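The chain contents come next:
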Amino acid sequence: MILLYGYLFYYFAAMVGISIGYHRYFTHRSFKTSIFLEYVMLFFGTICGGRSALTWAAVHRMHHAKSDTEDDPHSPAYVGIWRVITSRWHVEYIPKKYIVDLLKNPRVVFFHRYRTHIHFTYAAAVLLVGIQPFVIFVVMPFVLAWAGFGLLNWISHKDSKPADVPIMNIIAPGEGWHKYHHDHPMAHKLNKFDIAGWTIERVFIKSKPGC
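Residues numbered from 1 in each chain as written. Predicted model: local features only at pLDDT ≥ 70, side-chain atom pairs only at ≥ 80, totals over all residues. Heavy atoms only, no water.

For the structure on display, the rule yields 13 aromatic pairs. When the ring of F43 is compared with that of Y122, the centres are 5.3 Å apart and the planes differ by 85 degrees; the resulting orientation is edge-to-face. Of the two residues, F43 is situated in helix α2 (residues 35-47) and Y122 in helix α6 (residues 106-129); the sequence distance between them amounts to 79 residues. The partly exposed category is assigned to F43, whose relative accessible area is 25%. Its relative accessible area of 15% is what places Y122 among the buried residues. Site record: aromatic cluster; members linked through ring pairs are F9, F12, F43, F44, Y122 and F137. Over the face of the ring belonging to W146 we find R51, whose NZ or CZ atom lies 4.6 Å from the ring centre. (Phe/Tyr/Trp six-rings, centres within 6.5 Å; stacked < 30°, edge-to-face > 60°. Helix = DSSP H or I, 4+ residues; strand = E, 2+ residues; numbered from the N terminus. Buried < 20%, exposed > 50% of the residue type's maximum accessible area, 1.4 Å probe, protein only. Lys NZ or Arg CZ within 6 Å of the ring centre and 35° of its normal.)

Our next topic: unusual backbone geometry. Unusually for a residue other than glycine, R29 sits at a positive phi of about 50 degrees. Mapped onto the elements of the fold, R29 is located in the loop between α1 (2-27) and α2.

The following block contains the structure:
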């Protein structure tokens, strides 16, 4: 039951923090929302692997600009399959054009600067409650996020072009329609079965971009 609860919590945290937050909101600005919900997305994104929205969004923008070329930060063909699966790829330099808008958001900058402190404090507080909650609420989202999104980056680009792999939604919530996303990067809903898109429309969305 611990693993089941851990998976369910991971699914929620990754959907809110990574798929909705880091990916569709901070990277692609596909919808508008409140400052409070920005904090919610940043927090859940942080506990799913500890990376900040600033660097995550910048790298993903580089990925879209240079997809499946030697300049793609996590192309399986150039970086190596194992390094992509384990999320051990590395970016030496991020051009400022990929982060200039995010640097103007004080909440993004705060979580980037203090992400380690936030994650450690959260983990320590949960550990004080007990080992089982620590596994469910700390270990599982951390491990599954690294594994799930690493697998996504490999499987959805293993033929050197983006592909829809709906089964990947099991471990990378809302990310299985990868080709559709590359074709429509500003879309906040990728498929009629997209739970992340459904959640955006009913919970997060404030108004459409430009409104």
